[in-house]
Amino acid sequence: MTYRRCGRSGVLLPAVSLGLWHNFGDTTPPATQRAVLRRAFDRGITHIDLANNYGPPHGSAESNFGTLFAQDFRPYRDELFVATKAGYDMWPGPYGEWGSRKYLLASLDQSLERMGLDYVDVFYSHRFDPETPLEETLGALDSAVRQGKALYAGISNYPADRHRAAVEILRDLGTPLLIHQAPYSMLNRTVEDGGVLDAVGDTGCALIAYSPLAQGLLTDRYLAGEVPGDSRMAIGHFLKPEALGQRRLSVLRALDRLAADRGQTLAQLALSWVLRDPRVVSVLVGASGVAQLDQNLAALEAGPLTEAELAAIDEVLEAERED
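Along each chain, numbering runs from 1 in the same order as the chain's sequence is written. Note on the predicted model: pLDDT of at least 70 is required for a residue's local features to be given, and 80 or more for side-chain atom pairs to be given and counted; whole-chain, interface and lining totals, by contrast, use all residues. Side-chain numbers come from the whole structure's heavy atoms, not from hydrogens or water.

A. Structural detail: the overall build of the protein chain. Secondary structure follows DSSP: runs of H or I at least 4 residues long count as helices, runs of E at least 2 residues long count as strands, and numbering of each begins at the N terminus. Assigned secondary structure in the protein chain consists of twelve helices and ten strands. By its C-alpha atoms, the protein chain is 50 × 45 × 35 Å across when sized along the principal axes. Burial statistics for the protein chain: of 323 residues in total, 56% are counted as buried. Restricting to contacts in the protein chain with at least 6 residues of sequence separation, those with at least 24 account for 74%. Per-residue accessibility takes into account occlusion by the displayed protein chains alone, with areas from the Shrake-Rupley method and a 1.4 Å probe. When the accessible surface of the protein chain is totalled, it reaches about 13900 Å², and 50% of it is carbon and sulfur. Considering the protein chain, the positive charge centre built from 31 side chains and the negative charge centre built from 42 side chains are found 3 Å apart. Relative accessibility under 20% of the residue-type maximum defines a buried residue, over 50% an exposed one, and the middle range a partly exposed one, all with a 1.4 Å probe and only protein chains included. In this description, contact between two residues means that some pair of their heavy atoms is separated by no more than 4.5 Å. Neither His nor the chain ends contribute to the count of charged residues, in which Lys and Arg are positive and Asp and Glu negative. Every charge is mapped onto a representative atom, which is NZ of Lys, CZ of Arg, CG of Asp or CD of Glu.

Structure representation (structure tokens):
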């Protein structure tokens, strides 16, 4: 495993981290979850990323991780970097989502109980709340750190200007912002266009990229132009069939040819591409099984992308961005 420094901090994170957004709810067999977690740890993936509402149902990914932690990983707690988040809808009523101090700290207590942990390594505000003062939201993160329930503070899905403001507020509170989590892939470059990546670099933080495979579009599953029955697109919760138009399909096939020239799969090329930027500390991948996890980790075996390869990728992606 390659480890990369998280901004200007003392934290090193694996270049590939395991996200429990999908595949760790109650719809996935416990034996599969256990095999993936064991394999990830054996391969050097020390960072496990969760959120309060990961499942389905809400909370089940944390509960299932907690069961596996108790069975297998408790002796290795000091070798694990565990993250959780709060911000999206979690429970009914006025205190179950967004960015209030009431919600964030209550959610963190619930998360720790589900996982059987004394603390998490980083606690995120999962999304910017335009209706709550930023000082209140970030003050809750500061409190979590001071109470010993989290070691570091993070934010996720914040616009660039709110990132910069968050850095200043947390610095004044004495709890520096460690990390910003956002979607980033060859098909979603919002963090570039919106200035988030620049803000992360300017403030000495790091970006951790989720959905680096664009919800599975940047894999070989859809290259034939068909939708597999067991795919995320078939389920249609986050990835919709209309995302696979003819222009998109031609771009994916062109990228797949570039990947083959490097001896990589399309998914491996996509991970290498996100990791090309030193401001990105890690990419979060999900895995439906051990084989898929190993395939993703093989991205680290290839050398860095050359200037010529990056130019060829940009030429292909320009058609996507012009569409």
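We are not done yet, so read on.
B. Examining the packing of helix α4 (residues 134-146) against helix α5 (residues 160-173) more closely. Helix axes are fitted only over the stretch in contact, all axes being lines through C-alpha atoms; the angle between N-to-C directions runs from 0 to 180 degrees. Interhelical geometry of α4 versus α5 gives an angle of 45° and a closest axis separation of 10 Å. Our classification of the angle between α4 and α5 gives oblique. Handedness of the α4/α5 crossing: right-handed. Only R162, A165, A166, I169, L170 and L173 of α5 make contact with α4, whose side of the interface consists of L134, E135, L138, G139, D142 and R146. Angle categories: roughly parallel below 35 degrees, roughly antiparallel above 145, roughly perpendicular from 65 to 115, and oblique for all the rest. The handedness criterion is simple: a crossing whose near helix is rotated anticlockwise from the far helix by less than a right angle is left-handed, and one whose near helix is rotated clockwise is right-handed.

C. Structural context of the sheet that holds strand β9 (residues 206-210). At least two bridges found by DSSP between two strands are what make those strands a pair. Pairing is parallel in the closed barrel, where eight strands are placed in the order β3-β4-β5-β6-β7-β8-β9-β10. Recorded for the sheet is a direction-independent mean angle of 30° between the axes of neighbouring strands. Pairing between strand β4 (residues 47-49) and strand β5 (residues 81-86): three bridges, direction parallel. Note that in β5 the partner of I48 across the bridge is V82. Relative to strand β7 (residues 150-156), α4 is tilted by about 155°, and along the sheet it contacts β6 (120-125) and β7.

D. Examining the side chain of E62 more closely. Structurally, the position occupied by E62 is in helix α2 (residues 60-73). Judged by its relative accessible area of 0%, E62 is buried. Polar contacts, as used here, are pairs of N or O atoms within 3.5 Å; protein pairs need one atom able to donate a hydrogen and one able to accept it. Residues neighboring in sequence count only if both atoms are side-chain atoms. A distance of 2.5 Å separates polar atoms of two side chains, one belonging to E62 and the other to T84. If sequence neighbours within four positions are ignored, E62 has contacts with L50, A51, N52, T84, S111, R114 and M115.

Function-wise, these values are silent; they only describe arrangement.
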